[in-house]
Amino acid sequence: MNEVKIGWVGLGTMGMPMAKQLMKAGYLVSAYNRSQEKVNALVLQGAHEALSPEELLRNTDVIFVMVSDDVAIQEIFGGNEGLLKAHVSGKIIVNMSTVSPKISEKLAILCQNQGNSYLDAPVSGSVKQALDGQLVIMVGGDETVYEKIKPILEHLGKLSLWIGSNGAGNRAKLAMNTLLGLYAQGLAESVLFANSKGIRTEDLMALINNSALGNVFTRIKGDAIMAEDYQAAFALKHIAKDLRLAKAEGMSGRLAKVSYDTFQKAEAEFGQEDIIAVLKYSQKADKI
Ligand code: NAP
């Protein structure tokens, strides 16, 4: 059993498999989630339950947070029983959620005033990579703090990289997800165009995946399109959020503008489905 006590906040699509990875690696994990039933599922596998983020911070050493967005982060840190309410110091809080760089910069200062350290450490990769401990992790904050938790991150990802001061991890993540939005929309439109010309999706995907254009994303999402499986691995609402964050950070590229517009419009109908449901949106809106 590893001696560092881990706290985990947020047992959603990504948080649950990531927390399980650390349990598998022998860490004692205590968990908090807004909806109780998800914690119960982890307790059955040996985790401890925390009734609030504040309690979690008191009883653990390194606390990971994996929740939806800035609103959720405000609740987890600043709520009545939030992390910032705990009168404890010497803890390391690692925020792996994709949130705004500005909120990370602010929280880093508040955590420092509390006597604790804050790192932003968002991830690239989805459920499969989380289940396999193969995420890519980009870190912002004090490099010496990052070095301390690097051995823990090695159980979650195949690569963790220190990028710069607080907020730098979030900015790197927004750059990556700008590309992700373009990949998803590009794949969707290619498939729709091919279909409109009588080319079967399986044939197009065989061509793409055996060419220089094929990658893990086209393989996973190509399979999903063929199976008509749009259940969220990475919810479309999350890429819509990430493109808003990139825009707020000044992203003004031509393609990024189109991608922003597409996903903001697609969100109302397809936000709860997977990012690749952009195909259904394009089919409907653009009649490709
Ligand atoms: P998710 O399945 O939607 O889970 C969201 C988590 O946040 C749940 O634990 C949820 O609690 C919690 N939450 C939401 N609003 C809250 C609030 N106001 N107060 C407290 N807790 C709240 O999301 P996910 O797919 O795991 O993604 C988590 C983060 O990772 C997001 O920032 C996302 O952009 C990023 N990300 C996702 C993927 C992916 O492939 N899914 C990949 C890379 C990065 P409840 O259970 O109570 O709803």
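Nothing here was measured: the structure is a model prediction, and the numbers come from that model. (Residues numbered from 1 in each chain as written. Predicted model: local features only at pLDDT ≥ 70, side-chain atom pairs only at ≥ 80, totals over all residues. Heavy atoms only, no water.)

**Regarding the site of the ligand**
Close contacts around the ligand come from 25 residues, with Thr-13, Asn-33, Ser-35, Lys-38 and Ser-126 the closest. Leu-11 is positioned such that a nitrogen or oxygen atom in its backbone is 3.3 Å from an oxygen atom of the ligand. Lys-38 has a polar side-chain atom sitting 2.5 Å from an oxygen atom of the ligand. For the ligand, whose unbound accessible area comes to 910 Å², protein coverage reaches 90%. For the shell around the ligand, the leading source of residues is helix 4 (residues 70-78), giving three residues. No fewer than three residues from each of domain 1 (2-164) and domain 2 (172-287) sit in the shell around the ligand. (Near = heavy atom within 4 Å. Polar contact = N/O pair within 3.5 Å; in protein donor to acceptor, adjacent residues only side chain to side chain. Areas by Shrake-Rupley, 256 points an atom, 1.4 Å probe, with all protein chains shown as cover. Helix = DSSP H or I, 4+ residues; strand = E, 2+ residues; numbered from the N terminus. Domains from an automatic or database assignment.)

**Overview of the pattern of salt bridges**
One pass over the full model with this rule turns up 13 salt bridges. Lys-102 serves as the salt-bridge partner of Glu-249, at 3.2 Å between the closest nitrogen and oxygen. With a gap of 147 residues between them, Glu-249 in the loop between helix 11 (236-248) and helix 12 (254-270) and Lys-102 in helix 5 (residues 101-114) connect regions that are remote in the sequence. What makes Glu-249 partly exposed here is its relative accessible area of 29%. Overall, Lys-102 belongs to the exposed group, its relative accessible area being 53%. Residue Lys-265 is joined to Asp-261 by a salt bridge in which the shortest nitrogen-to-oxygen separation is 3.1 Å. Note that Lys-265 and Asp-261 are positioned in helix 12 at a spacing of four residues, about one turn of the helix. Asp-261 sits in the partly exposed class, given a relative accessible area of 36%. Each of the salt bridges in this network shares a partner with another, and the network as a whole consists of Lys-102, Glu-105, Arg-171 and Glu-249. (Salt bridge = Lys/Arg side-chain N within 4 Å of Asp/Glu carboxyl O. Buried < 20%, exposed > 50% of the residue type's maximum accessible area, 1.4 Å probe, protein only.)

**Side note on the environment of Gly-271**
Within the secondary structure, Gly-271 is located in the loop between helix 12 and helix 13 (278-285). When the C-alpha atoms of Gly-271 and Leu-236 are compared, they prove to be 4.8 Å apart, with 35 residues separating the residues in sequence. Beyond its immediate chain neighbours, meaning those up to four positions away, Gly-271 contacts Ala-235, Leu-236, Lys-237 and Ala-266. (Contact = heavy atoms within 4.5 Å.)

**Some points on the packing of aromatic side chains**
Tallying each qualifying case throughout the model produces three aromatic pairs. Between Tyr-183 and Phe-217, the ring centres sit 6.1 Å apart and the planes meet at 40°, which makes this aromatic pair tilted. Highlighted residues: Tyr-183 in helix 8 (residues 168-196) and Phe-217 in helix 10 (residues 216-226), separated in sequence by 34 residues. Residue Tyr-183 is classed as partly exposed on the basis of its relative accessible area, which comes to 38%. (Phe/Tyr/Trp six-rings, centres within 6.5 Å; stacked < 30°, edge-to-face > 60°.)

**Some details on the UniProt feature "active site" (unreviewed entry) in the protein**
With numbering matched to this structure, UniProt assigns "active site" (unreviewed entry) to Lys-173. Tracing the chain through its elements places Lys-173 in helix 8. Residue Lys-173 is classed as buried on the basis of its relative accessible area of 5%. The contact partners of Lys-173, leaving out residues within four places of it in the chain, are Thr-98, Pro-122, Val-123, Ser-124 and Met-138. (UniProt positions renumbered as here; feature names shortened; annotations may be inferred.)

**Section: a nonpolar patch on the surface**
Side chains of Leu-159, Leu-161 and Ile-163 sit close together on the surface and give an oily, nonpolar patch of about 250 Å² of accessible area. Residue position: Leu-161 is located in strand 9 (residues 157-164). (Patch = residues over 30% accessible without salt bridge, like charges linked within 9 Å, V, L, I, M, F, W, Y side chains within 5 Å.)

**Side note on unusual backbone geometry**
A positive phi angle, near 50°, is found at Glu-228, a position not held by glycine. For Glu-228, the location among the structural elements is in the loop between helix 10 and helix 11. By relative accessible area, Glu-228 is classed as exposed at 65%.

**Examining the environment of Asp-274**
Tracing the chain through its elements places Asp-274 in the loop between helix 12 and helix 13. Under the relative-accessibility criterion, Asp-274 is labelled buried at 2%.

**Regarding the packing of helix 8 against helix 12**
Packing of helix 8 against helix 12 brings their axes to within 10 Å, and their N-to-C directions diverge by 70°. Considered as vectors, helix 8 and helix 12 are oriented roughly perpendicular to each other. Where helix 8 crosses over helix 12, the handedness of that crossing is left-handed. Of helix 12, the residues touching helix 8 (which contributes Thr-178, Gly-181, Leu-182, Ala-184 and Gln-185) are Leu-255, Ala-256, Val-258, Ser-259, Thr-262 and Phe-263. For the contact of helix 8 with helix 12, the residue count by class is six nonpolar, five polar and no charged. (Axes fitted to C-alpha atoms, helices over the stretch in contact; angles between N-to-C directions. Parallel < 35°, antiparallel > 145°, perpendicular 65-115°, else oblique. Left-handed = near helix turned anticlockwise from the far one by under 90°. Nonpolar A, V, L, I, M, F, W, Y, C, P; charged D, E, K, R; others polar.)

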